[in-house]
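Structural characterization, general
Okay, here's what each chain looks like letter by letter:
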Amino acid sequence: MRVAALLLSAWALGGSPLPACADPAETDPDLASRDEDYAAARKAIAAKQWEEAIARLRKAEVRHPEHADLQNYLGYANRNLKRFDAAFRHYKRAIELEPRHRGAHEYIGEAYLMVRDVPNAEKHLAALRAICLLPCEELTDLEKAFAAYRR
């Protein structure tokens, strides 16, 4: 509750609780300014160049093995190549490093739906409902994925 109050205070005072350029799924948006491989990987992901993204993320991972955002992006790129075992491994690592990582919970939930594992997808939907005290994009997106899956 204290975090929500601080965020509301920052907003009310005209400030922004997050940097304007931050991806809401990222827990460390500054890594791209500190690591050129990570920055290049994010550009490759935006361009849907999954193999290039994975190659650059693996290089960055050597320097930042405990970085939850990097693990989440490795999961995302592997998922888009239908490499689900690798995707799940990286998403789980991201959540292990940062249990409240909204992006990792959303993406792993979507991946579980892709392989028709609804019970595990529901666990991550429940986790997002607990994490997002206010509506968040990751929860909304995963709810939409569930709705599409059920159609």
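None of these values were measured; they are calculated from a predicted model. (Residues numbered from 1 in each chain as written. Predicted model: local features only at pLDDT ≥ 70, side-chain atom pairs only at ≥ 80, totals over all residues. Heavy atoms only, no water.)

1. Topic: the confidence of the model for the protein chain
Keep in mind that low pLDDT regions are not for reading the predicted coordinates in detail. Mean pLDDT for the protein chain: 85, with 82% of residues reaching 70 or above. When pLDDT is averaged over each element of the protein chain, helix α6 (residues 84-97) comes out on top at 98 and helix α1 (residues 2-12) at the bottom at 36. Under a pLDDT of 50 for its full length, residues 1-24 has, in the predicted model, nine contacts with residues more than four places off or in other chains. (pLDDT = per-residue confidence, 0-100. Helix = DSSP H or I, 4+ residues; strand = E, 2+ residues; numbered from the N terminus. Contact = heavy atoms within 4.5 Å.)

2. A short note on the packing of helix α5 (residues 68-80) against α6
It is the contact of α5 with α6, at a shortest axis distance of 7 Å, that shows an interaxial angle of 160 degrees. It follows that α5 is roughly antiparallel to α6 by the angle criterion. Pair α5 / α6 crosses with left-handed handedness. On α6, the residues touching Ala68, Gln71, Asn72, Leu74, Gly75, Tyr76, Asn78 and Arg79 of α5 are Phe84, Ala86, Ala87, His90, Tyr91, Arg93, Ala94 and Leu97. When its residues are assigned to classes, the contact of α5 with α6 shows nine nonpolar, five polar and two charged. (Axes fitted to C-alpha atoms, helices over the stretch in contact; angles between N-to-C directions. Parallel < 35°, antiparallel > 145°, perpendicular 65-115°, else oblique. Left-handed = near helix turned anticlockwise from the far one by under 90°. Nonpolar A, V, L, I, M, F, W, Y, C, P; charged D, E, K, R; others polar.)

3. Quick word on the state of the cysteines
Using the criterion set out here, one finds one disulfide in the structure. A sulfur-sulfur distance of 1.9 Å marks the disulfide that ties Cys132 to Cys136. Of note, the bridge from Cys132 to Cys136 carries an S-S torsion of about 60 degrees and is right-handed in sense. In this structure Cys132 comes out as buried when scored by relative accessible area, which is 9%. (Disulfide = S-S within 2.5 Å. Buried < 20%, exposed > 50% of the residue type's maximum accessible area, 1.4 Å probe, protein only.)

4. Details of the side chain of Glu110
Among the secondary structure elements, Glu110 is positioned in helix α7 (residues 102-114). Setting aside chain neighbours within four positions, we find Glu110 in contact with Arg79, Asp141, Leu142 and Ala145.

5. What to know about the packing of aromatic side chains
This model, assessed by the stated rule, comprises six aromatic pairs. Between Tyr38 and Tyr73, the ring centres sit 6.0 Å apart and the planes meet at 55 degrees, which makes this aromatic pair tilted. Placement of Tyr38 in helix α3 (residues 36-46) and of Tyr73 in helix α5 is noted, with a sequence separation of 35 residues between them. Since its relative accessible area comes to 0%, Tyr38 is described here as buried. Residue classification places Tyr73 among the buried residues on the basis of a relative accessible area of 8%. (Phe/Tyr/Trp six-rings, centres within 6.5 Å; stacked < 30°, edge-to-face > 60°.)

6. Things to note about the side chain of Gln71
Of note, Gln71 is situated in helix α5. Given the relative accessible area of 3%, Gln71 is considered buried. Among the polar contacts made by the side chain of Gln71, one reaches the side chain of His90 at a distance of 2.8 Å. Not counting residues within four places of it along the chain, the set of residues in contact with Gln71 comprises Glu61, Pro65, His90, Tyr91, Arg93, Ala94 and Leu97. (Polar contact = N/O pair within 3.5 Å; in protein donor to acceptor, adjacent residues only side chain to side chain.)

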